[in-house]
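# Inside the fold
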Amino acid sequence: GMAQSDPLNTFQDCEACPVMIELPLGEFLMGAPDDEFRTIAYFTEGKIKFGTQDEPIIPVNEGPQNKVIVDLPIAMGMDEITFDQWMACVEDGGCGGYVPKNSIALNVTPEELERTLTDPQFIHTPSEKYIASIVGTRELLVLDGRYPVIWVSVLDAMAYTQWLNQKLGTDAYRLPTEAEWEYAARAGTTTRFAQGFEPTPEQANISGERTEMDLLRERPDLRTFGVPLPVDELDAANPWGLRHMSGNVMELTSSCYDGDKERLPAWKTTNEWLKMSAGVSCNRVWRGGDFFGGMFQARVAHRRGFEETRRSMFVGFRVVKEIR
């Protein structure tokens, strides 16, 4: 379907609850076309693969493109769940009482860095430039308030939606499926980003330095914040008003990631997508890129799979509510 021209309905079920945006029903092409430009240098498992504009690198897991009919009415969180929203859950006896780490070391000792980078939770391979930039005096950026909550797993996020449901006497809140996430992120567009071929530095908190590495050329026009930003900090909304679908922190989905096949499943409706991951334990798909990754990883079609217990400084989540 076409992108909405009228603003969509928004609501908030309680003061501590996330602001939700009601999405239109419709259909969309899920996945990336093979000719979507991705990157020149592709870093994978310690090796670099090279592509060109004419012979692009095509990750097998981004296709084949499938038409998905959105037949389940939902509202999607306008923002990633914030630290304050998470803590409201903890203070109310929910979320397993888990208080996630809410600081990032901007400058660390080489030993600390070594520990971080060998930690299996660390999902990016940082550049030497990045390593050089953060070794030094210790400075912590505290990510509280309106910063997205990080160091949360799929199971943690499910505990949060369980608390919301309990508080509101419903069972309508849950994590989005991968199909719902991509439909919301595309917001009626078919380009690499909802903002077009590439977002401006104001539209996505992604790493300019990492993008330069991926493109093998200088891009002085891009920015590198190097940290998550408060959810309302940039002009990062897509045409449906959803902010930071690309960049800031990666986002958890409830959908299973089939490590053997890795290809995009061909399920036809968002109802079917929901059924295929309900009530199972599996590796889950993460979407949307983050502050440390480049433009390649922040494209709407980019997907990765990780254990549902895995927590990372690069990932948070947003919720959906089924409209009944």
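Quick look at the structure, then.

Calculation notes
Residues numbered from 1 in each chain as written. Predicted model: local features only at pLDDT ≥ 70, side-chain atom pairs only at ≥ 80, totals over all residues. Heavy atoms only, no water. Phe/Tyr/Trp six-rings, centres within 6.5 Å; stacked < 30°, edge-to-face > 60°. Helix = DSSP H or I, 4+ residues; strand = E, 2+ residues; numbered from the N terminus. Buried < 20%, exposed > 50% of the residue type's maximum accessible area, 1.4 Å probe, protein only. Core = buried A, V, L, I, M, F, W, Y, C linked by side-chain atoms within 4.5 Å. Contact = heavy atoms within 4.5 Å.

This paragraph deals with the packing of aromatic side chains. According to the stated counting rule, one finds 12 aromatic pairs in the structure shown. Ring geometry for W86 versus Y160: centroids 6.0 Å apart, planes at 15°, classification stacked. A residue pair is termed long-range when its members are at least 10 positions apart, and W86 in helix 1 (residues 83-91) and Y160 in helix 4 (residues 154-168) qualify at 74 residues. Of the two residues examined, W86 and Y160, each falls in the buried class. Judged by centre distance (4.2 Å) and plane angle (45°), the rings of W286 and F306 are tilted. One end of the pair, W286, is in strand 12 (residues 284-287); the other, F306, is in strand 13 (residues 303-306), with 20 residues separating them in the sequence. Of the residues examined, W286 reaches a relative accessible area of 1% and is grouped as buried.

As a further point, take helix 5 (residues 178-186). In terms of burial, helix 5 is largely enclosed, as nine of its nine residues are buried. Within helix 5, the full set of buried residues consists of E178, A179, E180, W181, E182, Y183, A184, A185 and R186. Directly after helix 5, the chain includes A187, whose backbone phi takes a positive value near 50°.

A word on the nonpolar core. Membership of the largest hydrophobic core comes to 41 residues, with the highest contact counts inside it found for W86, Y160 and F317. At the level of secondary structure, the elements contributing two or more residues to this core comprise helix 1, helix 4 and strand 11 (250-256). In terms of residue count, the dominant contributor to this core is helix 1 (six residues). Each residue touching W86, except ones within four places of it in the same chain, is listed here: I81, C95, Y98, P100, V149, V152, D156, Y160 and F317. With 24 residues, the next largest nonpolar core counts M30, M78, W240 and L264 among its residues.

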